[in-house]
Every structure is written in structure tokens, then in C-alpha cells.
Amino acid sequence: MSKPGARNLITDVDGIKIGNAEDAEVMTGVTAVVPDAPAVAGVDVRGGGPGTRETEVLNPDCLVDRVDAIVLSGGSVYGLEAASGAIMALARQGRGFETRSVRVPIVPSAILFDLVNAGNKDWGDMPPYRELGKQAVDTVREDFDLGNIGAGYGAMAGKLKGGLGSASLVTEDGLQVGAVIAVNPVGSVLIPGTRHFWAWPFEQQGEFGGFGAPDLRGDLPLDMPAESRLAENTTIGVVATNVALTKSDMQRIAIMAHDGFARAIRPVHTPFDGDSIFALSTEKKELSGPRPYIIAKIGAMAADCVARSVARAVYHARSLGGLPGFMS
């Protein structure tokens, strides 16, 4: 048996904290996922137009096996600079991979496209992302809001306002899994012609409205804007567990977690999206049981958390800059 954790956030995983920072004028933001100690990490990239930084270091055959943070950002290519700000903030804390005379923070990141929303992008040669990355790391906590916050601040989900969502599952024997997702897909999170989320079968405790099962009759058209352009969308996120696992294990969990996108967004992993999921292990709980079985269980739980996080992001997002919110 599993159920949502006390917060129903990724921070129900022991050792995970989240920081968010926004720029209301630019209509964008950054989310930093910061473990208390360096965390074993993996990644899987599925979209056709990704924007990432330091993902190669997460290959199982590479030297570094733990990360100090994961950064999710708006701003497309400009948003990759948010990781630089996060690195500086972590360096001030003495965090990082130890070399002979200096510590080097390891901060993989991914970005989504929010450059054509109503925000003012006339920033000259000083985009706000480096500073937002610093602010996000400096304000990490266990409790945080959903919707128009962090990397989801300027996001759009199909024809609705997108946002930041999170969810968790914990078991009676102490296994913890959570997700945080910045939702900005070209596809729709709603079943066409209804108020029902595609993720409705996975809803826990009415967390995104409790609308229940839809009454489906006739064809299901694709609810996708015809004006979409390459890499102008993207859903990105992080899943985490407290179970001690390897880089290869976490890569497999990241792969399985992408199923949550497919359960919550239609269509998904398109040429217009840069969908990427990072996976973290905080190693707070020793592996108990056959490794393949535990990996499969965590991966399945992670996919459910991802689907629920996608729906929660849009459910909690409010109208902003001409983008209509689900509830307002």
C-alpha cells in the first residue's frame, strides 16, 4: 500500500528541499531541487527539442556519480544560465565535488520555452536567470506553493496556463518517492471537450479537483495548437527516492518516470517539446529486497507521481499575462 506523504510534495522524500524564484516583469522563473547531501542521479531526455546542461555527466560510465542540485528554468537557452547562479550559491555553502584545492558544485539543468508570453524580455545583455538561480538555492525549504511559481511561472500547457506541480507516494515500510514538474507542453492535459484531466485515474484524495472518470463518447481529437514551433514548449522535472541506488538504477527510474508524461499529456514527446526527467536518490534508506523488483516498484511509483504532478500544476495555475488558468 502507498499513499501521498504528509505534504504531497517531492519534499516528502527525506533529504530533498525546493527553492523557487520568479521575475514577474519578465514572467519567468527558476526552480532548484537541492538535496541535503550530494545525491546519486540519472536523467532521461525524450523530447525532440531539448535544452539541457551537464546531462552527460550523469551517464553511468562517467566519473561523477552524485549531484549537488538540479535546476529547472524558464527562458529557453537564456535560462541555462540559472545553473551558473545556483553553482555560485552552492559554492558559498562549501558544496561541490572535491578537487585538490576547490570544490566544484555539480548542477545539471534543463530549460523550457516561455519567451513569447506577455513578459518583458527586453533585458539587454543581462537576462535575470543567473540571479534567479542564486535566489532559488538560497530559499530552499520543504513547503512550497504550486501553479504560478518557479520554473512554471510563465509556462503554458496547451491552451491553458501551465505551472509547477508536485506529488508524492510513501509506503508503510518507509519507501518514499516524489516528483516536481514544470509543465509547459504543446499537448493538452485535459481530455478534449471536458474538464477532466488525462491523469484522472491516478488522482489521490481529490488533489486536482476530484472530477473523476469522464463520459467519453465519439472520437478524441488532438487538442494541439496548429501554430506550434520547434522547441517552443517542453515539460521538465525531477523525481526522487530515499532508497540507496546506483547511477544506472536512477537512469532506469528516469526512463520509467516518463510514462507519467504519457499518462497526463496528449500528445507528448513531440518534436516541439524538450521533455526531460532527472532522478535522484538521497540514499537515506538501504535497499531491501531484490534490486530489479525495487527499481521497478520505484519507477512505477515515480511515473504515477509525475502524472499527478502534471495535473496538479495546471489545476493550481491561475490566469496570467493573457494565459487562461484552469480555475480562473
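Before reading on, note that the structure itself is shown above.
Residues numbered from 1 in each chain as written. Predicted model: local features only at pLDDT ≥ 70, side-chain atom pairs only at ≥ 80, totals over all residues. Heavy atoms only, no water.

Chemist: Any details on unusual backbone geometry? Residues and values, ideally.
Modeler: Looking along the chain, the bond that leaves R266 and enters P267 is cis, with omega of -10°. Relative to the elements of secondary structure, P267 occurs in the loop between α4 (259-264) and β16 (276-285). We note that H269 has phi near 55°; this positive angle belongs to a residue other than glycine. The backbone phi angle of E283 is positive, close to 60°, even though this residue is not glycine. (Helix = DSSP H or I, 4+ residues; strand = E, 2+ residues; numbered from the N terminus.)

Chemist: With reference to specific residues and values, describe the nonpolar core.
Modeler: For soluble globular proteins, the rule of thumb is that nonpolar side chains tend to be buried together. In terms of nonpolar packing, the biggest core is built from 40 residues, with V189, F197, V239, I253, V306 and V310 touching the most fellow members. Looking at this core, the elements that each hand over two or more residues are β14 (176-183), β15 (236-243), α3 (247-257), α4, β16 and α5 (291-316). With 13 residues, the single largest contributor to this core is α5. Beyond its immediate sequence surroundings of up to four residues, F197 is in contact with V189, L190, I191, F208, A311, V314, Y315 and F326. Residues V43, L72, L146 and L164 belong to the second largest nonpolar core, which totals 30 residues. (Core = buried A, V, L, I, M, F, W, Y, C linked by side-chain atoms within 4.5 Å. Buried < 20%, exposed > 50% of the residue type's maximum accessible area, 1.4 Å probe, protein only. Contact = heavy atoms within 4.5 Å.)

Chemist: So what about the packing of aromatic side chains? Which residues, and what values?
Modeler: A full pass over the atoms with the stated rule returns six aromatic pairs. On the numbers, 4.9 Å between centres and 40° between planes, the contact of F197 with F326 is tilted. With F197 in the loop between β14 and β15 and F326 in the segment after α5, this pair connects stretches of sequence that are 129 residues apart. Across the pair, exposure class does not vary: F197 and F326 are buried alike. With a centroid separation of 5.8 Å and an interplanar angle of 75°, the aromatic rings of F211 and F326 are classed as edge-to-face. Remark: F326 occurs in the segment after α5 and F211 occurs in the loop between β14 and β15; sequence separation between them is 115 residues. Classification of F211 by relative accessible area gives partly exposed; the value is 34%. Put simply, the rings of F197, F208, F211, Y315 and F326 touch in pairs and so form one group of aromatic residues. The positively charged end of R195 is found above the aromatic ring belonging to F326, 4.0 Å away from the centroid. (Phe/Tyr/Trp six-rings, centres within 6.5 Å; stacked < 30°, edge-to-face > 60°. Lys NZ or Arg CZ within 6 Å of the ring centre and 35° of its normal.)

Chemist: Tell me what's going on with the pairing of strand β2 (residues 16-23), and back it up with residues and numbers.
Modeler: Where β2 and strand β3 (residues 28-35) come together, eight bridges link them in antiparallel fashion. Bridge pairing in β3 places K17 opposite V34. Taking the residues between adjacent antiparallel strands as the criterion, β2 and β3 are bridged by four residues, where M27 takes a positive phi near 65°. (Pairing = 2+ DSSP bridges.)

Chemist: Any details on a nonpolar patch on the surface? Residues and values, ideally.
Modeler: Among the surface-exposed residues, L63, F97, V102 and V104 lie close enough to one another that they form a single nonpolar patch of about 370 Å² accessible area. As for its placement among the helices and strands, V104 is situated in strand β9 (residues 103-104). (Patch = residues over 30% accessible without salt bridge, like charges linked within 9 Å, V, L, I, M, F, W, Y side chains within 5 Å. Areas by Shrake-Rupley, 256 points an atom, 1.4 Å probe, with all protein chains shown as cover. Salt bridge = Lys/Arg side-chain N within 4 Å of Asp/Glu carboxyl O.)

Chemist: I'd like to hear about the packing of α3 against α5, residue by residue, with values.
Modeler: In contact at an axis separation of 8 Å, α3 and α5 are set at 40° when each is read in the N-to-C sense. Taken together, the axis directions place α3 and α5 in an arrangement best described as oblique. Crossing of α3 over α5 shows right-handed handedness. Between α3, through D249, R252, I253, M256 and A257, and α5, the contact on the second element is made entirely by R291, I295, A296, I298, G299, A300, A302, A303 and V306. Class assignment for the residues of the contact of α3 with α5 results in ten nonpolar, one polar and three charged. (Axes fitted to C-alpha atoms, helices over the stretch in contact; angles between N-to-C directions. Parallel < 35°, antiparallel > 145°, perpendicular 65-115°, else oblique. Left-handed = near helix turned anticlockwise from the far one by under 90°. Nonpolar A, V, L, I, M, F, W, Y, C, P; charged D, E, K, R; others polar.)

Chemist: Help me get a handle on the environment of R100, residues and values and all.
Modeler: Looking at where R100 falls in the secondary structure, it is placed in the loop between β8 (97-98) and β9. We classify R100 as exposed; its relative accessible area is 89%. Through-space distance from the C-alpha of R100 to that of I70 is 24 Å; in sequence the pair is 30 residues apart.

Chemist: Describe the sheet that holds strand β10 (residues 109-111), and please don't skip the residues or the numbers.
Modeler: Ordered in space as β2-β3-β7-β10-β5, the five strands form an open sheet in which the pairing is mixed. Sheet topology places β2 and β5 (52-53) at the edges, where each strand pairs with a single neighbour. Where strand β7 (residues 70-73) lies against β10, three bridges are found, and the strand directions are parallel. Looking across to β10, one finds that L72 is bridged to A110.

Chemist: Requested: an account of the pattern of salt bridges, with residues and values cited.
Modeler: Counted by the stated rule, this structure contains 15 salt bridges. Where E142 meets R7, a salt bridge forms, and the shortest distance between an N and an O atom there is 2.6 Å. Placement of the pair is E142 in the loop between α2 (129-138) and β11 (156-157) and R7 in the loop between β1 (2-3) and β2, with a sequence separation of 135 residues. Assessed through its relative accessible area of 30%, R7 is described here as partly exposed.

Chemist: Hey, could you go over the pairing of β3 for me, with residue numbers and the actual values?
Modeler: Among the eight residues that make up β3, eight are buried, leaving the element largely enclosed by the rest of the structure. In β3, alternate side chains face the same way, and those of T28, V30, A32 and V34 on one face and G29, T31, V33 and P35 on the other are all buried. Note that β3 and β7 share four bridges and pair antiparallel. Each bridged residue has a counterpart across the sheet, and for A32 the counterpart in β7 is V71.

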